[in-house]
Amino acid sequence: MHIGHNITPLFQLDKKMRINNKISQKAQRTPPFYVMEVMERAQELERSGIDIIHFEVGEPDYPTAPHICEAACSAIRSGETKYTHSLGLRELREAVAESYNQKFGLELSGDQVIITSGTSPALLLLFMVLLDNDSEVIMSNPHYACYPNFVTCLGGRTVFIHTHEEEGFRLDPGIVARHLTTNTKTIIINSPSNPTGHVMHPDTIQGIAKIAGSVPIISDEIYQGLIYEGEDHSILEYTDNAFVLNGFSKLYAMTGWRLGYLITPPEYIRPLQKIQQNFFICASSFIQYAGIAALQGPQDHVKEMIAMYDKRRKYTIERLKQLGFGIKSEPTGAFYVLADARKFNSSSLDLSFSILEEAGVAVTPGIDFGDGAQGYLRFSYANSLDNIKEGLDRIENYLVNLV
């Protein structure tokens, strides 16, 4: 399969643009989110009539459950279309707290919860409250693509700790301890992880909580619940000096709804609230009612999704290995496989666009997630088994022709 009509990706045009003094340095220094560049190019190809198999975006292929949709529609019909409290609907905040309390044996209050328009705004609020110029944020490498861009745009500095696949991309508490300085404002962890799909062992989470001391931890738990081996854990089981980012996008197939939340120690609520009031006012009112329905309604659809994701996970891992991709440590959470593709091309960016143009399959370049993932490709198995089989067949044919 050869598509042929290649269009120069926008990120390549970025490099050729002259410095524009009308645009801020921070905007010019911000790299693109490469997975979005791949997806947008894939959409261009689809508009021209070319069939594309999508392994790039981290988006459930399942529809949002009907009872969640009905809750939003019912709220609209009832006139729930006004501003809410800046912290969110009381009922939803309490439902979030109760969900964590039941799952992890905690004693959270709804007063520790802020409802946001997705987890990205929650992270922005949090960094705005925690960071000053030259504040340091410790994170793993590989990492979720947007973390460092948030930090640098707010004048902070990222401190990367490289993790390694043969060790399960484990963030070693001892190494974290050696990177702590007087400028360290927070440590960010993510489990289950994007892009690796790995789940942090409770001993690791507890170890990081112990060495952090007075430094608060940010735990991105947006993939919580999407776990196929072992048990789920939250940072809040091990320390009160932590923030949790979570939402409804992944577990409840609600990416387009843009509904998230932040669980925070009580002393941070007021400063976070003031930033929320100024930048976002509040999350959408009727969508918050959908969130209540998601947490308090039936969970059968979630269990069905998880069972199917696991089947897809096992098939994807086995097939990628057969095709020659390196997978030394199998992922057990989220819906990603980060596979070593360096035997085919050392540049994950070049390889991902080549596979898109030549095979009609969209995959995410590992460089999106830091130089620790250069040469890797991230495959999302949030797609039907039939599509996964077809996409990997196309990649197999591509690799045969590559040789």
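Treat the numbers as computed from the prediction; the structure is a model and nothing was measured. (Residues numbered from 1 in each chain as written. Predicted model: local features only at pLDDT ≥ 70, side-chain atom pairs only at ≥ 80, totals over all residues. Heavy atoms only, no water.)

Engineer: What exactly am I supposed to notice about the overall build of the protein chain here?
Structural biologist: Tallying secondary structure elements over the protein chain gives 14 helices and twelve strands in all. A compact globule built from 403 residues should have a C-alpha radius of gyration of about 22 Å, and the protein chain, at 21 Å, falls within 12% of that. Here the protein chain holds 403 residues, and 57% of them are scored as buried. Of all intrachain contacts in the protein chain linking residues separated by at least 6 positions in sequence, the fraction that spans at least 24 positions is 74%. Accessible surface computed for the protein chain: about 17800 Å², of which carbon and sulfur atoms make up 49%. Charge-centre separation for the protein chain: the mean point of 35 positive side chains lies 5 Å from the mean point of 47 negative side chains. (Helix = DSSP H or I, 4+ residues; strand = E, 2+ residues; numbered from the N terminus. Rg over C-alpha atoms; globule rule 2.2 N^0.38 Å. Buried < 20%, exposed > 50% of the residue type's maximum accessible area, 1.4 Å probe, protein only. Contact = heavy atoms within 4.5 Å. Areas by Shrake-Rupley, 256 points an atom, 1.4 Å probe, with all protein chains shown as cover. Lys, Arg positive; Asp, Glu negative; His and termini not counted. Charge placed at Lys NZ, Arg CZ, Asp CG, Glu CD.)

Engineer: Would you take a moment to explain the environment of Gly 375 for this structure?
Structural biologist: With respect to the helices and strands, Gly 375 occurs in the loop between strand E11 (364–365) and strand E12 (376–380). Its relative accessible area of 1% is what places Gly 375 among the buried residues. For the pair Gly 375 and Phe 55, spaced 320 residues apart in sequence, the C-alpha to C-alpha distance is 17 Å. The residues touching Gly 375, leaving out its near neighbours within four places in the chain, are Ala 339, Asp 340, Ala 341, Arg 342, Asn 345, Ser 346 and Ser 348.

Engineer: Sorry if this is basic, but what is going on with empty space enclosed by the protein here?
Structural biologist: Gaps left between atoms are located by rolling a probe of water-molecule size over the structure's atoms. What the rule picks out here adds up to three cavities of 30 Å³ or more. In this structure, the largest cavity encloses a volume near 40 Å³. Taken together, Ile 189, Asn 190, Ser 191, Met 200, Ile 205, Ser 219, Glu 221, His 233, Ser 234 and Ile 235 make up the lining of the largest cavity. (1 Å grid on protein atoms, 1.4 Å probe; cavity = no way out; pocket = protein on both sides within 12 Å on 5 of 7 lines; lining within 4 Å. Points joined across faces, edges and corners; volume = space filled by probe spheres on them.)

Engineer: Honestly, the layout of surface pockets in this entry has me stumped. Any pointers?
Structural biologist: Size it by volume and the largest pocket reaches roughly 670 Å³. Looking at the largest pocket, it is lined by 32 residues, and the ones nearest its centre are Phe 33, Gly 58, Tyr 144, Lys 250 and Arg 258. Elements that contribute at least two residues to the lining of the largest pocket include exactly helix H3 (34–47), helix H6 (119–130), helix H7 (147–153) and strand E7 (242–247). Here the lining of the largest pocket is built from residues that sort into 16 nonpolar, ten polar and six charged. Computed from the structure, the second largest pocket encloses a volume of approximately 520 Å³. Lining the second largest pocket are 24 residues, with Ser 99, Lys 103, Leu 251, Tyr 252 and Gln 299 sitting closest to its centre. Secondary structure elements with two or more residues in the lining of the second largest pocket: helix H5 (90–104), E7, helix H11 (285–296) and helix H12 (300–323). (Nonpolar A, V, L, I, M, F, W, Y, C, P; charged D, E, K, R; others polar.)

Engineer: Just to check I follow, could you spell out the sheet that holds E12 for this structure?
Structural biologist: Paired through backbone hydrogen bonds, the strands of a sheet run either parallel or antiparallel to each other. Taken together, the three strands give an open sheet; going across it, the order is E9-E12-E11, and neighbouring strands pair in antiparallel fashion. Every interior strand has two partners, whereas the edge strands, strand E9 (336–340) and E11, have only one. Lying on the sheet, helix H13 (residues 348–359) is in contact with E11 and E12; it crosses E12 at an angle near 45°. (Pairing = 2+ DSSP bridges. Axes fitted to C-alpha atoms, helices over the stretch in contact; angles between N-to-C directions.)

Engineer: Honestly, the packing of H3 against H13 in this entry has me stumped. Any pointers?
Structural biologist: Think of two packed helices as two axes; the pair is described by the angle between the axes and how far apart they sit. Running from amino to carboxyl end, H3 crosses H13 at an angle of 15°, the nearest separation of the two axes being 11 Å. If you check the angle between H3 and H13, you find them roughly parallel. Like other packed secondary-structure pairs, H3 and H13 cross with a definite hand, here right-handed. Residues Tyr 34, Glu 37, Val 38, Arg 41, Ala 42 and Leu 45 of H3 lie in contact with H13, whose contacting residues are Leu 349, Ser 352, Phe 353, Leu 356 and Glu 357. When grouped by side-chain class, the residues that make up the contact of H3 with H13 number seven nonpolar, one polar and three charged. (Parallel < 35°, antiparallel > 145°, perpendicular 65-115°, else oblique. Left-handed = near helix turned anticlockwise from the far one by under 90°.)

Engineer: Help me out: how do you make sense of the packing of helix H4 (residues 66–77) against H11 in this one?
Structural biologist: Where H4 meets H11, the closest approach of the two axes is 8 Å, and the angle between their N-to-C directions is 145°. The way H4 lies across H11 gives a crossing that is right-handed. Of the residues in H11, those touching H4 at His 67, Ile 68, Ala 71, Ala 72, Ala 75 and Ile 76 are Phe 286, Tyr 289, Ala 290, Ala 293 and Ala 294. When its residues are assigned to classes, the contact of H4 with H11 shows ten nonpolar, one polar and no charged.

Engineer: Before we go on, may I ask you to explain the state of the cysteines in this structure?
Structural biologist: When the sulfur atoms of two cysteines share a covalent bond, that bond is a disulfide. Applying the stated criterion across every chain, the model contains zero disulfides. Free cysteine: Cys 146, not disulfide-bonded; nearest cysteine sulfur from Cys 153 at 10 Å. (Disulfide = S-S within 2.5 Å.)

Engineer: Hey, could you run me through H6 in this one?
Structural biologist: Residue pairs spaced three or four apart in an α-helix point in one direction, given the helix's 3.6 residues per turn. The end-to-end C-alpha distance of H6, which contains twelve residues, comes to 16 Å, matching closely the 16 Å that a straight helix rising 1.5 Å per residue would cover. Residues of H6 that are buried include every one of Thr 119, Pro 121, Ala 122, Leu 123, Leu 125, Leu 126, Phe 127 and Leu 130, and no others. (Expected span 1.5 Å × (residues − 1).)

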